[in-house]
Amino acid sequence: MYNEIALDTIDIHREPPMEEPARQYYFMAKCREWVQAFAEENGRLPKACVVNFGCQMNARDSEKLSGILECIGFLLTGDENADFVIFNTCTVRDNANQKVYGRLGELNGYKRRNPHMKIALCGCMTQEAAVRQKLRKSYPFVDLVFGTHNLFKFAELLWTTLSEADGMVVDIWEDTDQIVEDLPIERKYPFKSGINIMFGCNNFCSYCIVPYVRGRERSRTPEDILEEIRGLVADGVVEVMLLGQNVNSYGKNLSHPVTFAQLLQKVEQVEGLKRIRFMTSHPKDLSEELIQVMKDSKKICRHLHLPLQSGSTRILERMNRRYTKEQYLELAGRIRREIPDIAITTDIIVGFPGETMEDVEETMDVVRQVRFDNAFTFLYSKRTGTPAAAMEDQVPAGQVKEGFDRLLGLVQDTAREQVARYTGHVMEVLVEEVNESDPSLVTGRLSNNTVVHLPGDASLVGKLVTVSLEECYGFYYMGRICEKLR
Ligand code: 5AD
Ligand code: SF4
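As the structure is a computational prediction, the values presented were derived from the model and not from experiment.

**Student:** Looking at this structure, how should I read helix α11 (residues 325-338)?
**Tutor:** Every α-helix carries 3.6 residues per turn, so stepping three or four residues along brings you back to the same face. The terminal C-alpha atoms of α11 lie 20 Å apart, and with 14 residues this matches the ideal 20 Å at 1.5 Å per residue to within 8%. Along α11, the residues that are buried comprise Lys325, Tyr328, Leu329, Leu331, Ala332 and Ile335. Around the axis of α11, the buried residues are gathered within 165° of arc, so they sit on the same side. Across from the buried face of α11, at angles greater than 90 degrees, the exposed residues are Glu326 and Arg337. Contacts from the buried residues of α11 go to α9 (288-296), β12 (303-305), α10 (313-318), β13 (343-350) and α12 (357-370).

**Student:** Teacher, can you tell me more about the nonpolar core here?
**Tutor:** Considering soluble globular proteins, one finds that nonpolar side chains tend to be buried as a cluster. Formed by 70 residues in total, the largest nonpolar core has its most connected members in Ile197, Ile229, Leu242, Phe260 and Phe278. Dropping the residues within four chain positions of it, Phe260 is found in contact with Ile197, Leu242, Val247, Asn248, Tyr250, Phe278 and Leu290. Residues Tyr25, Ala48, Phe84 and Ala155 belong to the second largest nonpolar core, which totals 32 residues.

**Student:** What is the right way to look at the sheet that holds β13 in this model?
**Tutor:** Sheet strands pair by backbone hydrogen bonding; their relative direction is either parallel or antiparallel. A sheet is described by the order of its strands in space; here three strands give the open sequence β12-β13-β14, paired in parallel fashion. With one partner strand each, in any of the chains shown, β12 and β14 (374-379) form the two edges of the open sheet. Between one strand and the next, the sheet's axes are offset by a mean angle of 15°, whatever the strand orientation. Note: β12 against β13, three bridges, orientation parallel. When the bridges of β13 are listed, His305 appears paired with Thr345.

**Student:** Quick question: what am I supposed to make of the site of ligand 2 here?
**Tutor:** Around ligand 2, the neighbouring residues are Cys201, Asn203, Phe204, Cys205, Tyr207, Cys208, Val210, Pro211, Gln245, His282 and Arg321. Of the residues belonging to the shell around ligand 2, the class tally is seven nonpolar, three polar and one charged.

**Student:** Would you take a moment to explain the site of ligand 1 for this structure?
**Tutor:** Lining the immediate environment of ligand 1, one finds Val92, Arg93, Tyr207, Gln309, Asp347, Ile349, Phe378, Leu379, Tyr380, Ser381 and Arg383. Separating a nitrogen atom of ligand 1 from a backbone N or O atom of Tyr207 is a distance of 3.0 Å. A distance of 2.7 Å separates an oxygen atom of ligand 1 from a polar side-chain atom of Asp347. In the complex, the protein chains occlude 85% of the 400 Å² of accessible area that ligand 1 would expose alone.

**Student:** I keep staring at the packing of α11 against α12 and nothing clicks. Help me out?
**Tutor:** Across the interface, α11 lies against α12 with an axial gap of 10 Å and an inter-helix angle of 10°. Regarding the angle of α11 to α12, the classification is roughly parallel. Crossing geometry of α11 relative to α12 is assigned as right-handed. On α12, the residues touching Lys325, Tyr328, Leu329, Ala332 and Arg336 of α11 are Glu362, Asp365, Val366, Gln369 and Val370. Along the lines of polarity and charge, the residues of the contact of α11 with α12 split into five nonpolar, one polar and four charged.

The rules we used
Residues numbered from 1 in each chain as written. Chains lettered and ligands numbered in written order. Predicted model: local features only at pLDDT ≥ 70, side-chain atom pairs only at ≥ 80, totals over all residues. Heavy atoms only, no water. Helix = DSSP H or I, 4+ residues; strand = E, 2+ residues; numbered from the N terminus. Expected span 1.5 Å × (residues − 1). Buried < 20%, exposed > 50% of the residue type's maximum accessible area, 1.4 Å probe, protein only. Arc of directions from axis to C-beta. Contact = heavy atoms within 4.5 Å. Core = buried A, V, L, I, M, F, W, Y, C linked by side-chain atoms within 4.5 Å. Pairing = 2+ DSSP bridges. Axes fitted to C-alpha atoms, helices over the stretch in contact; angles between N-to-C directions. Near = heavy atom within 4 Å. Nonpolar A, V, L, I, M, F, W, Y, C, P; charged D, E, K, R; others polar. Polar contact = N/O pair within 3.5 Å; in protein donor to acceptor, adjacent residues only side chain to side chain. Areas by Shrake-Rupley, 256 points an atom, 1.4 Å probe, with all protein chains shown as cover. Parallel < 35°, antiparallel > 145°, perpendicular 65-115°, else oblique. Left-handed = near helix turned anticlockwise from the far one by under 90°.

If you want it as structure tokens, here you go:
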């Protein structure tokens, strides 16, 4: 493991090793020498800022970037007016891209005042050729651009950027089958952590850019995953979130195939681990085996994120989702029957090409029947290169907005009722932080992911406490610590 490797003992004057991760340790040692020279010249350590956009997978990748920067000797800061700033980008919808371009403009202002500042961009956006062209043309002050497949090479690319004075360093891979283990990670929370169990996606939903920017499915071995979890638990982690674009197809490409349900059973055995979450499940691959494993588990949280996308079978077919409205309803009904205390959340897209008000009605019908505990509703965003972008019947913005507003109203009403169903119950809460707006309160989550605020102080952070859920305010509870589980 990296923390057993002393960077000081690496001879940085010889040729870099070819094998990974040794090669990256070598470049981390070289960057560290640069940091020391910077500190001597400026009388302070250089500051680095990692800014994350997008999903949980990106958040985990950002922790990897932070881990490497910290190991090299940078001081991590939340302030973008730093010596090194890296944006880990998202491109799932166009507004994510626009946000990054806006923020890059602001960074340029800082760079004018601090010409030694280095700016880097990585993540999903950079995998698109059109984005790279735009960067070269309109954002030439960016120093380093790399993608999702070579994130493990960050130390090496950073070294190139720090040691070469001018020009944009660009390194993008189209795909990879490589998974590099054992690089440093700086966790945001000491008591909970995301863990990648697989990378990429093979589903090619017709609206989605992810398979193009994250590549084909690759699973990590159960041994590597379990070793990482054991290490985290020894380090104080009580809750893990297993991450993948489609965790239900975990393990299919391993030399000894393992199902996701089998992996969960192995994770359950890890002593000291209290809670297991996972994200995201594709309805077409959710097995009966998984439902039974969840039902019998003491640690797997009572929460399932099951993206619906649309309730209209006609639209689902055009989306290439490979299930019908009836199949989704049957699955959700079966899950609710088997695990009555589960919270089901979802993603819905409004305005997919060819969608009519009748289709939106079908989606609303599913919302009424399944009664989602929460639903993320998105306006369809045209992603160049996806099959849906080439469909002729794009929906006019006004109609999309009307459907979106109607759906949102319904989703909020049902979610409010669902969330409130445990008022007066006593349940376990994992306390996550001191409440930002009221420091006499702490904030945590139920197993089903609902947020609870309760009186308490920083000593409770990271602890599981038994709480009486006194009152529900829309999407969260106010609670109070009490003695026993009812
Ligand atoms: N437009 C709108 N929403 C999208 N999503 C993915 N691609 C698009 C798109 N082109 C949504 C889906 C997915 C979530 C992560 O983002 O609902 O589940
Ligand atoms: Fe995109 Fe579909 Fe893959 Fe999810 S399953 S990442 S929506 S292609």
